[in-house]
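# Analysis of the macromolecular model
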Amino acid sequence: MSTANALKPSQRMKIPRAKSAEQDAHERACNFLEVALGFSVEQALSEATRCLECKDPVCMTGCPVNVDIRSFLQLMMVEDYAGAVRKIRESNYLPAICGRVCPQETQCEAVCTMGKKHEPVAIGKLERFVADYESLRGLFVPPAGAPQRAEKVAIVGSGPSGLTCAAELAQKGYQVTVFEALHEVGGVLRYGIPEFRLPRTVLDMEIGRVKDLGVEILTNFVVGMTATLDELMDTWGFSAIYLGTGAGSPSFMEIPGEGLIGVYSANEFLTRVNLMRAYAFPDTDTPVRIGKHVAVIGGGNTAMDAVRTSLRLGAEKAYLVYRRSRTEMPARDEEIHHAEEEGVEFLLLTNPLRILGNEKHEVRGMECQRMELGEPDSSGRRKPVPIPGSEFVLEVETVIEAVGQSPNPIVQSTTPGLKTGRKGVVEVGEKQETSRRGVFAGGDLSRGGATVILAMKDGKTAAAAIDEYLNGKRDLVVVAPETAVPQTARS
Amino acid sequence: MFKIREKEFLSPTIARFVIEAPFIAPKRKPGNFVILRVSERGERIPITLVDSDPGAGTVTLIVQGIGKTTKELLTKNVGDAIPDVVGPLGKPTPIHTNETIVCVGGGVGTAELLPITRALHAAGNIVYSIVGARSRDLIILEQEMAAASDELFMTTDDGSYGRKGFVTDQLRDLLTSRKVDTVYAIGPLPMMKAVSGVTKDAGVKTVVSLNALMVDGTGMCGGCRVSVGGKMRFACVDGPEFNAHEVDFDELIIRNRSYSEHERESVQRFEESHACQARGAEVAP
Ligand SMILES: Cc1cc2nc3c(=O)[nH]c(=O)nc-3n(C[C@H](O)[C@H](O)[C@H](O)COP(=O)(O)OP(=O)(O)OC[C@H]3O[C@@H](n4cnc5c(N)ncnc54)[C@H](O)[C@@H]3O)c2cc1C
Ligand code: FES
C-alpha cells in the first residue's frame with residue numbers, strides 16, 4: 001500500500017503518544033470494571049498517524065504471530081477501522097484479547113522505529129481500539145472459509161492456544177470440536193485474568209467469533225478421563241488432535257504453614273473470584289476468604305492479578321512480596337504500574353520463610369527475610385541471597401502464592417507414549433508435533449508457562465502442520481521421541 | 001444439561017439420584033467421582049459415582065443434604081436438569097485379589113464405599129463390611145452392602161440398631177478374631193482418623209478416601225491439597241484414596257472448616273427462600 005499519510009516523518013514525530021483514558025485509581029480499586037478505557041476515535045486516528053510506515057516494518061517481526069502491523073495502521077489512517085481489524089485477524093484471531101493482555105513493550109512496541117527516539121506507536125491499544133470498534137458497531141463478517149473437509153480434528157483445552165488452533169482449522173474447512181474440562185470456555189482468559197483487565201463480554205465476543213466459524217465446543221469434558229486420546233481417535237473418529245491444556249497446576253513454596261486456613265494458590269484464589277464469581281457471595285455459592293491484610297507472593301502477571309483482586313474484594317492493605325528486585329519482575333509494565341497506582345505495597349527483595357497461624361489455625365502472619373542481589377544465576381538474573389538477621393513478621397490474614405505452575409497432569413498420565421520432560425511439559429518438535437502420531441501440542445503445555453500470544457502462535461503452527469498431516473504428508477511431521485525438541489519455559 | 005431420571009430418598013436427608021450422563025457412564029470405575037454445579041450461580045462440589053449403567057447412559061449419585069449445594073440438589077426432581085456434571089475424576093481404586101478385606105463405612109460415606117466393596121467382592125476377595133451411623137434412621141444401603149459382603153456388621157452410636165458403639169469397636173474385634181490384609185474406610189474425617197489409629201496399631205494396611213474441598217477437580221487449583229507422608233498431594237488427581245497411615249487428618253479437618261461460616265450464611269439464606277421445598281424434601285420419604 002502506498003503512503004496513506006500526508007504528514008512528513010518529522011511531523012509525525014511531533015505528535016505525542018496518545019494516552020488511553022483510565023478509571024480513577026481510587027475508584028477502580030473498589031470495582032471489577034475495566035481499568036483501561038481505550039482510545040477515542042480521534043485519539044486512535046492521531047496515534048495511528050504517528051506510524052512512520054517503515055519500508056522494513058520491524059514491528060511485524062517483534063510480533064510472535066507476525067501481524068501485518070503497518071498495513072493495519074495504514075488502514076486506520078484512512079479511517080477504515082473495520083478493514084484494519086480484518087487485516088489483524090488474518091494472522092491473529094483474537095485481537096480484542098491480545099490488544100489488552102499482550103506484553104507489547106517487549107514485543108512489537110519494543111522494536112518500533114518511532115520508539116528509538118520517541119515513544120513507540122501504541123500498537124496494542126490501537127489493536128484493541130479497532131477490535132472494539134468493530135464489535136460495538138456490529139461490523140464483524142466471518143472470514144470466507146475453505147470448502148468443507150470430511151476430517152474431524154479434536155482440540156483439547158479452550159485457552160487461547162486451543163481456540164486459535166480451532167479457528168485456523170475451521171477456516172481450512174475441517175470439522176473441529178473443542179473439549180474443555182471446566183464449565184466455561186477460555187482457559188486462563190476465563191479463570192485467571194480478571195475482568196478489570198479483560199471483561200467477560202470481550203472474551204465472550206471473541207469466543208463467539210470462533211463458534212461462528214462452525215467450531216463445536218463441549219464443556220465439562222476432561223480428556224483423559226471422559227475419553228482418552230486413543231478413544232477420541234479410534235471411537236470418536238478424530239483424525240488429529242491438538243493438545244492445549246495449559247500449565248494450570250500451581251506450585252507452592254513448600255514452607256511451613258501452607259496448611260493453614262487462608263492460604264491459597266493464586267490459581268485457586270483467582271478461579272474462585274473470576275470463574276466462580278466469589279465476589280458476589282452469597283448471591284453466588286462459592287466463597288473466598290479475604291483478610292484485612294493480604295500478602296501475595298510472586299512477581300508475574302498472576303501475582304499482580306491476585307494482589308489487585310484482593311484490593312477489589314475489600315483488603316485494606318495488599319502487599320506484593322517478591323524475592324528479587326523490580327527489574328526482574330516478569331509482569332507486564334502496565335500491570336505493575338496499575339498495581340502501584342491502586343495502592344499495592346511492594347515488598348521487594350523479600351522472601352517468605354513461614355506462615356503463622358492463631359489457635360484456630362487461621363493465618364495471622366508471615367515471617368519474611370530481606371534479600372540482596374548476588375551473582376547472576378543460570379537465567380542471567382542476579383540471584384537473591386538472604387541478609388542474615390533481617391527476619392520480620394508481616395501481619396496478614398490471607399496469603400496467596402503465585403510462584404509458578406506446571407502443566408495440567410491428566411492428559412499426560414492417561415496417554416501412553418506421549419513424551420514429556422521436566423514437570424510434565426509435553427515435548428514437541430518444530431511443527432508442534434509430539435511423540436504420538438497425529439497428536440500435536442502447544443501453548444503453556446509445551447512451554448511450561450508463557451504468554452497468550454505464544455500460546456496462539458503454537459496453535460497456528462500446529463494448525464498448519466495438522467493440515468499438512470491430513471493432506472497425506474503423515475510422516476513428514478511426526479518426529480520420533482528422541483528428536484523431539486524440548487522448549488524452554490519463560491516465567 | 002444432565003437430566004434427572006430417578007430420585008429416591010434413602011433417609012430423611014439422603015437421596016439417590018440417577019442422572020443422564022452418557023459420556024461418563026461407560027467410563028466410571030469404583031473410586032471415581034464427579035464435580036457438579038446445581039445452578040448457574042452454583043459452586044462446584046465433588047460427589048462420588050456410586051454406580052453407572054453404560055447401556056442406559058446413566059450414573060447414580062447419593063447425596064446428603066448438608067451444605068447449601070447438597071440441600072439445593074435434594075430439591076431437584078425427576079425431569080429437572082443439573083447444568084454441569086464432569087467426570088469421571090480421581091484415580092480409580094486398585095482392585096486387589098486373594099485378600100481378606102474389611103470395608104468400613106460411616107454415614108453417607110457408605111455410599112462412596114459401596115462401589116469399592118462390590119468391586120472387591122466381585123474380584124473374589126473375602127469381604128467383611130462394617131457400616132455405622134449415629135442412629136437407625138441414618139443407616140443407608142444396608143441390603144446393598146450385605147449383598148456385596150461375605151459378612152456385614154452394623155453399628156449405631158445410640159444402639160438403636162445393630163451393635164451399640166462405633167465402627168472402630170467392631171473393627172478391633174474383627175482384627176483380633178480374623179486375619180485381615182487390608183482395610184478400606186470411608187466416612188467423616190474423625191471416623192477415618194480413628195480407624196487409621198486402630199489399624200496402625202494392628203499393622204494392617206489401610207486406604208481412606210479423602211473428602212477435601214475442591215474447585216476444578218483436575219489438579220488446577222491446589223485447593224484440595226492434603227499432606228500425605230509429609231508431602232503435599234492434590235486429592236483430586238493424586239487421590240482421592242491414600243494410605244491412611246500417612247495422612248495428616250488434623251490438617252485436613254482444619255482446612256475443611258475454612259468456609260464453615262460462609263456455609264452457614266449460605267444455608268440460612270437458602271432455607272429462608274426455599275422453606276417449602278426443604279420441608280417437602282423432609283416429608284417425601
Ligand atoms: C493470572 C494470570 C494472568 C496472566 N496474564 C497474562 C497477560 O497479561 N498476558 C499474557 O500474555 N499472558 C498472561 N498469562 C499467561 C497466559 O494466560 C497463558 O500463557 C495462556 O493462557 C496459555 O494458554 P493455553 O491455551 O496454552 O492454556 P490455558 O489458557 O491454560 O488453557 C488450557 C485449558 O485447557 C483446559 N484443560 C486442561 N486439561 C484438560 C483436559 N484434560 N481436558 C479438557 N480440557 C483441559 C483447562 O481447563 C483450560 O481451560 C497469565 C496467566 C495467569 C495465570
Ligand atoms: S480441586 Fe483443584 S487441584 Fe484439586
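Predicted model only: the values in this text are computed from it and were never measured.

### Notes on the site of ligand 1
All names here are of chain A.
- By nearness alone, 37 residues border ligand 1, and V101, S161, E180, R197 and D444 come closest of all.
- Here E180 contributes a side-chain N or O atom positioned 2.6 Å from an oxygen atom of ligand 1.
- Within the side chain of D444, an N or O atom sits 2.8 Å from an oxygen atom of ligand 1.
- Across the complex, the protein chains shield 97% of the 990 Å² of accessible surface that ligand 1 would expose by itself.
- Breaking the shell around ligand 1 down by element, the ones donating at least two residues are α11 (160–171), α16 (301–312) and α20 (452–470).
- Counting residues per element, the shell around ligand 1 draws most heavily on α16, which supplies three residues.

### A look at the interface of chain B and chain A
- Contacts between the two partners involve 42 residues from chain B and, on the opposite side, 44 residues from chain A.
- If you sort the residues of chain B by the area they bury against chain A, R41, M220 and Y259 of chain B come out on top, with a joint share of 18%.
- Linking chain B with chain A are three salt bridges, by the criterion used here.
- Measuring nitrogen to oxygen at the nearest pair gives 2.7 Å for the salt bridge that ties K68 of chain B to D285 of chain A.
- In this assembly, chain B and chain A are joined by 16 residue pairs in polar contact (both at pLDDT 80 or more).
- Those elements giving two or more residues to the side of chain B that touches chain A turn out to be α1 (68–74), β8 (84–89), β16 (231–234), α7 (249–255) and α8 (260–273) of chain B.
- Broken down by element, the residue count for the side of chain B that touches chain A peaks at six residues, all from β8 of chain B.
- In terms of residue class, the side of chain B that touches chain A is made up of 15 nonpolar, 12 polar and 15 charged.

### Section: the confidence of the model for chain A
- Per-chain confidence: chain A averages 92 in pLDDT, with 96% of residues scoring 70 or above.
- Across residues 482–491 of chain A, where pLDDT falls below 50, the model places 20 contacts with residues more than four positions away in sequence or in other chains.

### Describing the sheet that holds strand β6 (residues 58–64) of chain B
Residues and elements named next belong to chain B.
- Taken in spatial order, the five strands make up an open sheet running β5-β6-β2-β1-β7, and their pairing is antiparallel. Across the chains shown, the open sheet's two edge strands, defined by having one partner strand only, are β5 (51–53) and β7 (81–82).
- Direction of pairing for β5 relative to β6: antiparallel, over a ladder of three bridges. The residue bridging S52 from the neighbouring strand is V59, located in β6.

### Remarks on α11 of chain A
All names here are of chain A.
- The terminal C-alpha atoms of α11 lie 16 Å apart, and with 12 residues this matches the ideal 16 Å at 1.5 Å per residue to within 8%.
- Most of α11 is tucked away, with 11 of its 12 residues classed as buried.
- If you check which residues of α11 are buried, you get P160, S161, G162, L163, T164, C165, A166, A167, E168, L169 and A170.
- G173, located one to two residues past α11, shows a positive phi value of around 100 degrees.

### Some remarks on the side chain of R89 of chain A
Residue and element names in this part refer to chain A.
- Here R89 lies in helix α6 (residues 81–89).
- Among the polar contacts listed, one links the side chain of R89 to the side chain of E134, at a separation of 2.7 Å.
- Once residues lying within four places of it in the same chain are set aside, the contact partners of R89 are P95, E134, F140 and R209.

### Here we look at the environment of R381 of chain A
- Of note, R381 of chain A is situated in the loop between β13 (363–376) and β14 (382–386).
- For R381 of chain A and A170 of chain A, which are 211 residues apart along the polypeptide, the C-alpha to C-alpha distance reads 42 Å.

### Concerning the nonpolar core
- Formed by 73 residues in total, the largest nonpolar core has its most connected members in F72, L73 and M76 of chain A.
- Considering each element in turn, this core owes the most residues, nine residues, to α20 of chain A.
- With residues near it in sequence (within four places) discarded, L73 of chain A still touches A48, C51, V121 and L126 of chain A.
- The next biggest cluster of nonpolar side chains, apart from the first, holds 44 residues, and it includes L89, I130, V237 and V247 of chain B.

### As for the sheet that holds strand β4 (residues 45–48) of chain B
Residue and element names in this part refer to chain B.
- Spatial strand order, β4-β3-β8: three strands in an open sheet with antiparallel pairing. With one partner strand each, in any of the chains shown, β4 and β8 form the two edges of the open sheet. The sheet shows a mean angle of 30 degrees between the axes of neighbouring strands, direction not considered.
- In this structure, strand β3 (residues 33–37) lies alongside β4, joined through four bridges in antiparallel fashion. By the bridge assignment for β4, F33 is matched with T48.

### Notes on the state of the cysteines
All names here are of chain A.
- Evaluated as defined, the whole model comprises zero disulfides over all chains.
- This cysteine, C165, is not joined by any disulfide, and C98 carries the nearest cysteine sulfur, 15 Å off.
- Residue C165 is classed as buried on the basis of its relative accessible area, which comes to 0%.

Analysis parameters
Residues numbered from 1 in each chain as written. Chains lettered and ligands numbered in written order. Predicted model: local features only at pLDDT ≥ 70, side-chain atom pairs only at ≥ 80, totals over all residues. Heavy atoms only, no water. Near = heavy atom within 4 Å. Polar contact = N/O pair within 3.5 Å; in protein donor to acceptor, adjacent residues only side chain to side chain. Areas by Shrake-Rupley, 256 points an atom, 1.4 Å probe, with all protein chains shown as cover. Helix = DSSP H or I, 4+ residues; strand = E, 2+ residues; numbered from the N terminus. Contact = heavy atoms within 4.5 Å. Buried area = accessible area lost by both parts, 1.4 Å probe. Salt bridge = Lys/Arg side-chain N within 4 Å of Asp/Glu carboxyl O. Nonpolar A, V, L, I, M, F, W, Y, C, P; charged D, E, K, R; others polar. pLDDT = per-residue confidence, 0-100. Pairing = 2+ DSSP bridges. Expected span 1.5 Å × (residues − 1). Buried < 20%, exposed > 50% of the residue type's maximum accessible area, 1.4 Å probe, protein only. Core = buried A, V, L, I, M, F, W, Y, C linked by side-chain atoms within 4.5 Å. Axes fitted to C-alpha atoms, helices over the stretch in contact; angles between N-to-C directions. Disulfide = S-S within 2.5 Å.

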